[in-house]
Amino acid sequence: MIALNEIPTEYGLWHYWVVVSLMMLGLYIVIARDNLIKRIMGLNIFQASVIMFYVAMGKVQGGEAPIWPLDTMEGHYQDRVFSNPVPHVLMLTAIVVGIATTALALALVVRIKESYGTIEEDEIREIDGSIS
Amino acid sequence: MITHFPSLLIVTPLIAAPICLLLRNGTLVRIWATLAAWACLYFAWGILGQVQGLDGESIRYAMGGWEMPLGIELKIDAANAFVVLIITGIASVVFPFGLGHSGLSGPEGKEHLFYAAFLLCMCGLMGIAVTGDAFNVFVFLEITSLSSYALISMGSSRRALMAAYSYLIMGTIGGTFILVGIGFVYALTGTLNMVDIAERLPSVINSPTTIIAFGFLTLGVGIKLAIFPLYQWLPNAYSFAPSKVTAFLAGTATKVSYYVLLRLFFSIFGIAFIFNKLGVQNILMPLSLIAMFVGSIAAIYQTNAKRLFAYSSIAQIGYMTLGICLLHLDGLKVLNYDGLTGGIVHLFNHAIMKSGLFLIIACVVYRMGTVTIGEMKGFAYRMPWTFAAFVVAGLSIIGVPGTVGFVSKWYLVLGAVAGGHYVVAALILLSSLLAVVYVWKIIEVGYFQKPSEPIEKIEAPITMLVPIWLLMFAAIFFGFATELTGGVAETAAKTLLTAGGAIFGGGTP
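Attention in this report is confined to the structure presented alongside it. Just so it is clear, the structure is predicted and the values come from calculations on it, not from any experiment.

## Observations regarding the overall build of chain A
Then comes step 1: Secondary structure summary: chain A contains five helices and zero strands in total.
Then comes step 2: The linear arrangement of helices and strands in chain A, starting from the amino end, is α-α-α-α-α.
Then comes step 3: Burial statistics for chain A: of 132 residues in total, 31% are counted as buried.
Then comes step 4: The contacts of chain A with a sequence gap of at least 6 include a subset with a gap of at least 24, amounting to 56%.
Then comes step 5: Accessible area for chain A stands at about 8,100 Å²; split by element, carbon and sulfur atoms hold 67% of it.

## Some details on the packing of helix α14 (residues 338-368) of chain B against helix α19 (residues 462-480) of chain B
Helix packing geometry: the angle between the two helix axes and the distance between the axes.
Residues and elements named next belong to chain B.
Then comes step 1: Where α14 meets α19, the closest approach of the two axes is 9 Å, and the angle between their N-to-C directions is 150 degrees. With respect to α19, the element α14 is oriented roughly antiparallel. The element α14 and its partner α19 pack so that their crossing is left-handed. Along its contact with α14, which presents Phe-348, Ile-352, Ser-355, Gly-356, Leu-359, Ile-360, Cys-363 and Tyr-366, the element α19 presents Met-464, Ile-468, Leu-471, Met-472, Ala-474, Ala-475 and Phe-478.
Then comes step 2: Taken together, the residues of the contact of α14 with α19 sort by class into 13 nonpolar, two polar and no charged.

## Focus on the pairing of strand β2 (residues 73-76) of chain B
Residues and elements named next belong to chain B.
Then comes step 1: Side chains Glu-73 and Lys-75 of β2 all project onto a buried face; the interleaved residues Leu-74 and Ile-76 project onto the opposite face, where all are buried too.
Then comes step 2: With four bridges joining them, strand β1 (residues 59-62) and β2 adopt antiparallel strand pairing. Bridging from a neighbouring strand, Ala-62 pairs with Glu-73 of β2.

## Here we look at a nonpolar patch on the surface
Then comes step 1: Together, B:Leu430, B:Leu433, B:Val436, B:Val437, B:Trp440, B:Tyr447 and B:Phe448 line one region of the surface with nonpolar side chains, adding up to about 660 Å² of accessible area.
Then comes step 2: Residue placement: B:Val437 occurs in helix α18 (residues 422-448).

## A look at the side chain of B:His350
Then comes step 1: In this fold, B:His350 is placed in helix α14.
Then comes step 2: Sequence-distant contacts of B:His350, defined by excluding residues within four places in its chain, comprise B:Ala250, B:Lys255, B:Ser313, B:Gln316, B:Met320 and B:Ser355.

## Digging into the pattern of salt bridges
Then comes step 1: Inspection of every chain in the model, using the stated rule, returns six salt bridges over all chains.
Then comes step 2: Between A:Arg125 and A:Glu121 there is a salt bridge; the shortest N-O distance is 3.1 Å. Here A:Glu121 and A:Arg125 lie together in helix α5 (residues 121-128), a separation of four residues that amounts to about one turn.
Then comes step 3: Taking relative accessible area as the criterion, A:Arg125 reaches 43% and is therefore assigned partly exposed.
Then comes step 4: Note that B:Asp77 is salt-bridged to B:Arg263, the shortest N-O span being 3.0 Å. Of the two residues, B:Asp77 is situated in the loop between β2 and α3 (78-94) and B:Arg263 in helix α10 (residues 243-269); the sequence distance between them amounts to 186 residues.

## Here's the deal with the interface of chain B and chain A
Then comes step 1: Facing the 30 residues of chain B at the interface are 37 residues of chain A.
Then comes step 2: Contact between chain B and chain A buries roughly 3,100 Å² in total, counting both sides, with carbon and sulfur atoms accounting for 78%.
Then comes step 3: If you sort the residues of chain B by the area they bury against chain A, B:Arg158, B:Met162 and B:Tyr165 come out on top, with a joint share of 22%.
Then comes step 4: Remark: the boundary between chain B and chain A carries one salt bridge.
Then comes step 5: In this structure, B:Arg159 and A:Asp128 form a salt bridge, with 3.7 Å as the shortest nitrogen-oxygen distance.

## Remarks on a negative patch on the surface
All names here are of chain A.
Then comes step 1: A cluster of acidic residues, Asp-34, Asp-122, Glu-123 and Glu-126, forms a negative patch at the surface.
Then comes step 2: Within the fold, Asp-34 resides in the loop between α2 (14-32) and α3 (36-58).
Then comes step 3: Classification of Asp-34 as partly exposed rests on a relative accessible area of 33%.

Thresholds applied
- Residues numbered from 1 in each chain as written.
- Chains lettered and ligands numbered in written order.
- Predicted model: local features only at pLDDT ≥ 70, side-chain atom pairs only at ≥ 80, totals over all residues.
- Heavy atoms only, no water.
- Helix = DSSP H or I, 4+ residues; strand = E, 2+ residues; numbered from the N terminus.
- Buried < 20%, exposed > 50% of the residue type's maximum accessible area, 1.4 Å probe, protein only.
- Contact = heavy atoms within 4.5 Å.
- Areas by Shrake-Rupley, 256 points an atom, 1.4 Å probe, with all protein chains shown as cover.
- Axes fitted to C-alpha atoms, helices over the stretch in contact; angles between N-to-C directions.
- Parallel < 35°, antiparallel > 145°, perpendicular 65-115°, else oblique.
- Left-handed = near helix turned anticlockwise from the far one by under 90°.
- Nonpolar A, V, L, I, M, F, W, Y, C, P; charged D, E, K, R; others polar.
- Pairing = 2+ DSSP bridges.
- Patch = residues over 30% accessible without salt bridge, like charges linked within 9 Å, V, L, I, M, F, W, Y side chains within 5 Å.
- Salt bridge = Lys/Arg side-chain N within 4 Å of Asp/Glu carboxyl O.
- Buried area = accessible area lost by both parts, 1.4 Å probe.
- Lys, Arg positive; Asp, Glu negative; His and termini not counted.
- Charge placed at Lys NZ, Arg CZ, Asp CG, Glu CD.

This is the structure in C-alpha cells:
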C-alpha cells in the first residue's frame, strides 16, 4: 500500500494508458480477425479494459477497502481513507454481463461450427455466397 | 396498487419468464406470455393516465424503498409513459400472434425457451424506459440485447446464427461504449442518478471529459439505434430472425434506443451543451438525410421482403433522428419544436406500421412458404385480407393522408419549414416517393402477376389476422385522430425540452 502512495503524481495517469491500450488492442482484434473465437477473445479484452477503468477510478491513493471495522465505531474513522466502493460494485454487474455475453457467443460459435463446419468468417461467407 | 405500477412493469415479465420454462407446453406458454403482456399494457395505460394528470411533473418511485441518493429510482414523465405504452402495446399484439399455431416461435418443441427470452427482452426494454439511473440503463440494455441475440439465432436458416453473432459483436461494443461513457460521467459528477447528473454537469460542462463521455454514450446508443453509418448489424438480424421476433424488435428495440438518445440529449446533457456548444444537429442532420435515402434506395433493390423492410427501417430511423435536428432554437429559447414532436410521434407510428408489416410477412411465410418477392405471385388472391392489410401498412409507410405515416411526416415538414430548412422539407417528400417504389414492388407481384397454377384461397388463420388488423386499425384511426398521438407526443417533447433547460415563449404553436 505504501508503495502506491510513493508514486509521484506526474505518473498519476498511467492506468488510463493501460486502459486505453487494452481497449484499442481488443477492438483491433475484433475488427481484424476472421476467426470467431479470436474475435470473442478480443471482445473480452475490450470489456476487461473497461472494468479496469472503473476499478482504477474508484481507487483512492492510500485508501483501504471500505469495510466497516469495529474500531471505527468509536470515532477513529475520520483519519482513515477508504476507496470508493460504488465503481467496484458496478463492475460486479459488468463482469456478470461480460460472462453472459461470452457464454452466449461461444454457444453461437458451437452452433455455427455444427452447421457450417468452420469458424472462419471468410469461409462462412464463401459457403453462404455473398451476404449483403 | 397504482403507486407500484412502475415497478410492476419490470417485475411482471421478469417473473413470467421463468414460469414459461415450467409450463413447457407450447399453447399454454403462448397464452401465459400474452396474459403477462396484457397485464403490462394495463399498467402502462394506468401510468400514462397518471402522468397526464401530473401536469409536467414526473412519477418517482424508489425501488425497494431505498430513497434516491442510495437506491435506484424509477422516474416516469410524459416521454417514458409514451414509450412504455408503445412497447407494451406491440408486445400485446405480437405475443398472441398465431396463438393456436406452432412453428412461428422458434424451433419446434423449444417454444417455452423462445417465450422466456421474449419476456426477458420485454423486461429489459421496460427497464430502460422507466429507470432514472444511468447504470441501470446499461444493465437493462444488456438484458435486452442478450435475449435478442438468442431470439435472432432461433431463425430457421443457419444464416440466423451468423446474423446473431455479428449483432452480438456490434451490440457488445455498443454496450461497452455506453459503459465507458457512464464511467466518465460518474467520474465527473459522482452520481448515477440522471436527475443528479443533470444538476451537476453544468459545473463541469467545459471539461473535455464531458465531451468524451458524450461521444462514447452517443456512439454506443447510435449502434443500438442503427443510425446511418452504424446500421450494418440490422439488415441481417432482421431478415434471418423468426418473423415474430423481427416484428417485435422492429417495433420496440430501436424505439427504446431512440428514447435513450432523447434522454441523453435533453435530460442529461441539456440543450445548451448539445445544440449550442457542440452543434450536434449539424452532424446528425446530414446523417439522417443520408439514412433516409440510402435505406430507401437499398430497400428498392432487395429481393427478400424481410430484408426490404429492414432497410426501410434504417430510412425510418433517419426520420426520427431528423426530428431532433429540426428543433428551431434561438439560444435556449424554443421557437419551434414541431420537428421533435414529429420524431416522437414517428416512434409510435413506425412501431405500428413496421410490426404490422413484419407480421404480414410472417403470414406469407406461414401460408406461402417464401420471403422472396418474386415468388409472391397471386398473394392478393390467395390471402385477400392479409394483402389488404399490407396495402394499408404500405400506404402508411409512404405517408398517404389518412394513415399514421402522414401525421409524422406532416409534423416533420412543419418543423423543417418553420426552421427555414426548405431543402430538408423537399427531401422528406422526395424520400417518401422512394417508399412508393419499394411498396409497389410487392403490390405489383402480389396483385398484377398471376401464378400459372390455379389459385386456391389460403387465407391466414384468424389468430394471425386479428393482431394484424388491430395494428392496421390503429394505423388508420390515429391517422385521423391526430390530436391523440400528436398531443401526447407534444407533451413528451415539451417535457424533454423543459428538462433540457429550454425556455418557452413566442413562436411556439
